[in-house]
Amino acid sequence: MISHRTTRFLAAGMILALAATGCTTVSQAEPNQGAGAPASGSAAALGVNEDARALLPADIREAGVLRIASDPTYPPFEYYDTDNKTIIGWDADMGDAIGAVLGLKVEHVPATFDTILPGLQSGKYDLGMSTFSVTPERRKAVDFVPYLQGGTGLAVAPGNPQKLSVDAAALCGTAIAAQKGSIQSLDILPEFSKECTKAGNEAIDMQFFPTQNDANLALTSGRVAGVMADSVSLAYQGQLAGGKFEVAEGPDYDSTLTGTALGKKSELLPAIQAATAAVIESPTYEEINTKWALPASTEITSADVVLK
């Protein structure tokens, strides 16, 4: 998932009463900024952009539906509403906005994070919107249309008793969790662990979990000392968890673009680029960011949607 961003952002009063398991499932949440309520100046207010719609492949335009896969365990970007079946969050709102610009109905499909990119390659989904970091390795398999930028943070126990940080030297010999398929599990933690052993220190005890909820539970139950993920999401989740964990102080690591994933050489790419640019240029983009309390540092411009 996204691996990114600064943490100076959370709206006050976002508290989740957790069940005994200690997970951050938002079906247990009290009403808060964002959950369930439509964005002001909602996606429908955008109207259809005929130039972008004209770029759609004929089969998608005729079907009238855009299938968007997300892993709904990663607030504030994608998670279940209190009915435990409706996907809400930043990605859901952005997906709806892109669909509105293209004159398409959006179908939000829940999926495990590490199955989404293979699902795009097989044609199971049209888009993947699950805060995917845009990396050179991923770009070999899928195409991307950026919509945000940010960096990695480290969730730790309150007060950070072990004085951990997103730095290899601080994590050697320590149990650190991440979600399977994230750039933290695929790239950052393995690279940090290599740095530890090269320096003659003990390797990081890397533990990878199928969902972000599972990784967070490992932290709150004391099985790991930290969880590495997108800093914005981790800070948000810590608030939802009633302060059972927090993001370690320090700058984000490896700030990079995040975006919508598509199958390699998908005929949808030009339409999604045009629609994303239209949303970013509209007031809706700022409204979605404000609704989900993302800092201004995460925003990009319409010029960034086409990767070089």
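> Would you take a moment to explain unusual backbone geometry for this structure?
Glycine aside, residues mostly have negative phi angles, and peptide bonds mostly take the trans form. Cis peptide bonds are those with omega within 30 degrees of zero, and the linkage from Pro75 to Pro76 qualifies with 5 degrees. By the element assignment, Pro76 lies in the loop between β2 (73–74) and β3 (78–80). For Lys163, which is not a glycine, the phi torsion comes out positive at approximately 55 degrees. Checked against the element boundaries, Lys163 lands in the loop between β7 (142–156) and α6 (168–171). Although it is not a glycine, Asp254 adopts a positive phi angle of roughly 60 degrees. As for its placement among the helices and strands, Asp254 is situated in strand β12 (residues 253–263). When its relative accessible area of 42% is taken as the criterion, Asp254 is described as partly exposed.

> How should I be thinking about the state of the cysteines in this particular structure?
Should the sulfur atoms of two cysteines be covalently bonded, the bond is a disulfide. For the structure shown, the criterion picks out 1 disulfide. Each sulfur of the disulfide joining Cys172 and Cys196 lies 2.0 Å from the other. Handedness of the Cys172-Cys196 disulfide follows from its S-S torsion of about -90 degrees: it is left-handed. Placement of the pair is Cys172 in the loop between α6 and β8 (175–179) and Cys196 in helix α7 (residues 183–198), with a sequence separation of 24 residues.

> I tried to follow the environment of Asn213 on my own but got confused; where do I start?
In this structure, Asn213 sits in helix α8 (residues 212–220). Taking C-alpha positions, Asn213 is 7.7 Å from Tyr74, a pair spaced 139 residues apart along the chain.

> Mind showing me how you'd approach the packing of helix α3 (residues 90–102) against helix α10 (residues 269–281) here?
A pair of packed helices is captured by two measures, namely the crossing angle of their axes and the spacing between those axes. Closest axis-to-axis distance for the α3/α10 pair is 9 Å, and the angle between their directions is 110 degrees. Taken together, the axes of α3 and α10 lie roughly perpendicular to each other. Listed contacts from α10 to Met94, Ala97, Ile98, Val101 and Leu102 of α3 are Ala271, Ile272, Ala275, Thr276, Ala278, Val279 and Ile280. For the contact of α3 with α10, the class distribution of residues is 11 nonpolar, 1 polar and no charged.

> What am I meant to see in the nonpolar core here?
Taken as a class, soluble globular proteins show a tendency for nonpolar side chains to be buried jointly. Membership of the largest hydrophobic core comes to 58 residues, with the highest contact counts inside it found for Trp90, Met94, Leu102 and Ile272. At 8 residues, the largest contribution of residues to this core is made by α10. When neighbours within four sequence positions are excluded, Trp90 is seen to be in contact with Pro76, Phe77, Tyr147, Leu148, Tyr285, Ile288, Asn289, Trp292 and Leu294.

> Honestly, the pattern of salt bridges in this entry has me stumped. Any pointers?
Going through the model one piece at a time under the given rule, you end up with 4 salt bridges. One salt bridge connects Asp126 with Arg67, and the closest N-O pair in it is separated by 3.0 Å. Placement of the pair is Asp126 in the loop between α4 (113–121) and β6 (127–133) and Arg67 in strand β1 (residues 65–70), with a sequence separation of 59 residues. For Lys291, the salt bridge identified is with Asp93, shortest N-O distance 2.8 Å. You can see Lys291 sitting in helix α11 (residues 283–291) and its partner Asp93 sitting in helix α3, a full 198 residues away along the chain.

> Please explain the sheet that holds β3 as it appears in this structure.
Judged by pairing direction, the sheet is antiparallel, and its 3 strands sit side by side in the order β2-β3-β4 without closing on themselves. For this open sheet the edge positions go to β2 and β4 (87–88), each flanked by a neighbour on one side alone. Across 2 bridges, β3 lies against β4 in antiparallel orientation. Pairing of Tyr80 across the sheet is with Ile87, part of β4.

Conventions and cut-offs
Residues numbered from 1 in each chain as written. Predicted model: local features only at pLDDT ≥ 70, side-chain atom pairs only at ≥ 80, totals over all residues. Heavy atoms only, no water. Helix = DSSP H or I, 4+ residues; strand = E, 2+ residues; numbered from the N terminus. Buried < 20%, exposed > 50% of the residue type's maximum accessible area, 1.4 Å probe, protein only. Disulfide = S-S within 2.5 Å. Axes fitted to C-alpha atoms, helices over the stretch in contact; angles between N-to-C directions. Parallel < 35°, antiparallel > 145°, perpendicular 65-115°, else oblique. Contact = heavy atoms within 4.5 Å. Nonpolar A, V, L, I, M, F, W, Y, C, P; charged D, E, K, R; others polar. Core = buried A, V, L, I, M, F, W, Y, C linked by side-chain atoms within 4.5 Å. Salt bridge = Lys/Arg side-chain N within 4 Å of Asp/Glu carboxyl O. Pairing = 2+ DSSP bridges.

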